[in-house]
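Structure at a glance
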Amino acid sequence: MKKMIENKQIILLLYIAAMVAGYFAFRLLYGVSDSFPFSQELLLVFLGAIATILITALLLNQQTELELRKEGQVLLLDQKSTTYMALIDHIGEIVEKGRLDPEGVAELRVLNHKLAMIGSADVIGQFGDVLRRLDDSTADQAISDAEQGQIMQSVAVLTYHMRRDLLGRIEGEDGQQVLQKIVANSNDLED
């Protein structure tokens, strides 16, 4: 990032130097063509065309950069959403089976690595809590009903953090109230 900023500063300095040199060159040409008014008009048209081209090029460059950044954000958001949904589905399958088999562990490892690439720090931290609960629950090779409730409550908190990562902070929304409602909904389903 720092190198990119330095490059932009160098380009800006070169641009300013070229503009100043161009100004003096065109001023000299304008003065030389003083006795030929038609030459002055052609020179002014040429200057106007150059200014228009430069401004258009700068605007197109900025627009392209913004569109690429926007497209990258959309792709990242899509990847996050897909990974988060796959993670929730897989944990749901594990809880539904009541056990964690080797294939399930392998899938969790893959999802963990995907999550490490795209997830926010809160999501990664909360996923660690879900993994701890899964690990504790599967120590005896079976997940009891009480352990299923604990796991799903931890997943409910995880979904809150995933929601915040995907949607950001929603104006006028109290994060604590939303978290409490998500956990309450999960608890209501457990009863």
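Just above, that's the structure.
These notes cover the structure that comes with them. (Residues numbered from 1 in each chain as written. Predicted model: local features only at pLDDT ≥ 70, side-chain atom pairs only at ≥ 80, totals over all residues. Heavy atoms only, no water.)

1. What to know about a nonpolar patch on the surface
- A grouping of L12, Y15, I16, M19, V20, Y23, F24, L54 and L58 is seen on the molecular surface, where their side chains present a nonpolar patch of about 840 Å² in accessible area.
- Elements represented by at least two residues in the nonpolar patch include exactly α1 (2-32) and α2 (37-97).
- Residue contributions to the nonpolar patch peak at seven residues, all from α1.
- Tracing the sequence through the fold places I16 in helix α1.
- Of the residues examined, I16 reaches a relative accessible area of 44% and is grouped as partly exposed. (Patch = residues over 30% accessible without salt bridge, like charges linked within 9 Å, V, L, I, M, F, W, Y side chains within 5 Å. Areas by Shrake-Rupley, 256 points an atom, 1.4 Å probe, with all protein chains shown as cover. Salt bridge = Lys/Arg side-chain N within 4 Å of Asp/Glu carboxyl O. Helix = DSSP H or I, 4+ residues; strand = E, 2+ residues; numbered from the N terminus. Buried < 20%, exposed > 50% of the residue type's maximum accessible area, 1.4 Å probe, protein only.)

2. Side note on the packing of helix α4 (residues 121-137) against helix α5 (residues 145-167)
- Relative to each other, α4 and α5 sit at 170°, their axes nearing to 9 Å. Accordingly, the angle class assigned to the pair α4 and α5 is roughly antiparallel. Between α4 and α5, the residues in contact are D122, V123, Q126, F127, D129, V130, R133, L134, D136 and S137 and E147, Q150, I151, S154, V155, V157, L158, H161, M162 and D165, respectively.
- Here the residues of the contact of α4 with α5 sort into nine nonpolar, five polar and six charged. (Axes fitted to C-alpha atoms, helices over the stretch in contact; angles between N-to-C directions. Parallel < 35°, antiparallel > 145°, perpendicular 65-115°, else oblique. Contact = heavy atoms within 4.5 Å. Nonpolar A, V, L, I, M, F, W, Y, C, P; charged D, E, K, R; others polar.)

3. Structural notes on the pattern of salt bridges
- Enumeration according to the criterion identifies six salt bridges in this entry.
- Close ionic contact of E65 with R69 constitutes a salt bridge, the shortest N to O distance being 2.9 Å. With E65 and R69 both in helix α2 and four residues apart, the pair spans about one turn of that helix.
- With relative accessibility at 48%, the residue R69 sits in the partly exposed group.
- Across the pair R99 and D101 runs a salt bridge, and its minimum N-O distance is 3.6 Å.
- Classification of R99 as partly exposed rests on a relative accessible area of 42%.
- D101 gets classed as buried once you look at its relative accessible area, which sits at 14%.

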